[in-house]
Amino acid sequence: GHGGSNSPPAGWGYSTWEGGMRVPCIVRRPGAVPGGSVCSVLVTELDFFPTLGALAGINVEHGVAPDRPIDGFDISEVLLRGDQADSPYDAPGRAFFYYQMEQLQAVRRGRWKLRLALDEMIDHRRRRFGPTRAALYDVRTDLAESRDVSADHPDIVEELEALAEDMRRRLGDYGIPGSEQRPAGYSPHPTPRVLLS
């Protein structure tokens, strides 16, 4: 079946609706992260590697090797300042991209999430749905993604569609290879490593 409901956000687990993407994260760092604080700034699991590196005094922004760039961002400011900090995904030229398998289905910057027009939509089980049309949601006030406001904000739609097109060129889309695609990491015989001090 589905991956479970996260209502009131729309969708089920493993989907690109907010209910399928949002998960809780608990951070504890006494003296640095205020206890009991709540932060709603968009960050991802990809951001923890560069953040932990930065907190340890190691700059991993440009990757560990030329052919292995880092996909996340340093979110130290978000951890330390919470909602007073900006999401790295809201910076000029950046956004958060919602992929389902290899298909780009939505893009978000700040409060605006554009679900893209798709001739055919796939899910995590590779079932096909469609057709759909583009829809814009204000996910700060409409977690259920129930009110399409694209007609009221054509400039936002155009901006997010341009970012999506750039990402398609770079990372690809369903049936479209991207210039920066790289294979997923794989080890046929993984071995745990034990570090002894």
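As shown above, the structure is provided for reference.
Our subject in this report is the structure included herewith.

Moving on: the sheet that holds strand β2 (residues 103–109). Taken in spatial order, the four strands of this open sheet run β1-β2-β3-β6, and their pairing is antiparallel. Bordering the open sheet on either side are β1 (96–100) and β6 (135–138), each of which pairs with just one other strand. With strand direction ignored, the average angle separating the axes of adjacent strands in the sheet is 20°. One ladder, built from four bridges, connects strand β3 (residues 112–115) with β6; its direction is antiparallel.

Another aspect to go through is helix α4 (residues 154–171). Helix length check: α4 (18 residues) gives 25 Å between terminal C-alpha atoms against 26 Å at 1.5 Å per residue, within 8%. Of the surrounding elements, those touching the buried residues of α4 are β1, β2, β3 and β6. Once α4 finishes, G172 follows within two positions and takes phi at roughly 90°, a positive value.

Before going further, it helps to spend a moment on helix α2 (residues 48–55). Taken together, the buried positions of α2 are P50, T51 and G53. Angularly, the buried residues of α2 cover 160° about the axis, an arc narrow enough to put them on a single face. Two residues or fewer past α2, G57 is found with a positive phi of approximately 85°.

Quick look at the environment of I176 now. By the secondary structure assignment, I176 is in the segment after α4. Expressed as a C-alpha distance, the spacing of I176 and E102, which sit 74 residues apart in the sequence, is 9.1 Å.

Cut-off values and rules
- Residues numbered from 1 in each chain as written.
- Predicted model: local features only at pLDDT ≥ 70, side-chain atom pairs only at ≥ 80, totals over all residues.
- Heavy atoms only, no water.
- Pairing = 2+ DSSP bridges.
- Helix = DSSP H or I, 4+ residues; strand = E, 2+ residues; numbered from the N terminus.
- Axes fitted to C-alpha atoms, helices over the stretch in contact; angles between N-to-C directions.
- Expected span 1.5 Å × (residues − 1).
- Contact = heavy atoms within 4.5 Å.
- Buried < 20%, exposed > 50% of the residue type's maximum accessible area, 1.4 Å probe, protein only.
- Arc of directions from axis to C-beta.

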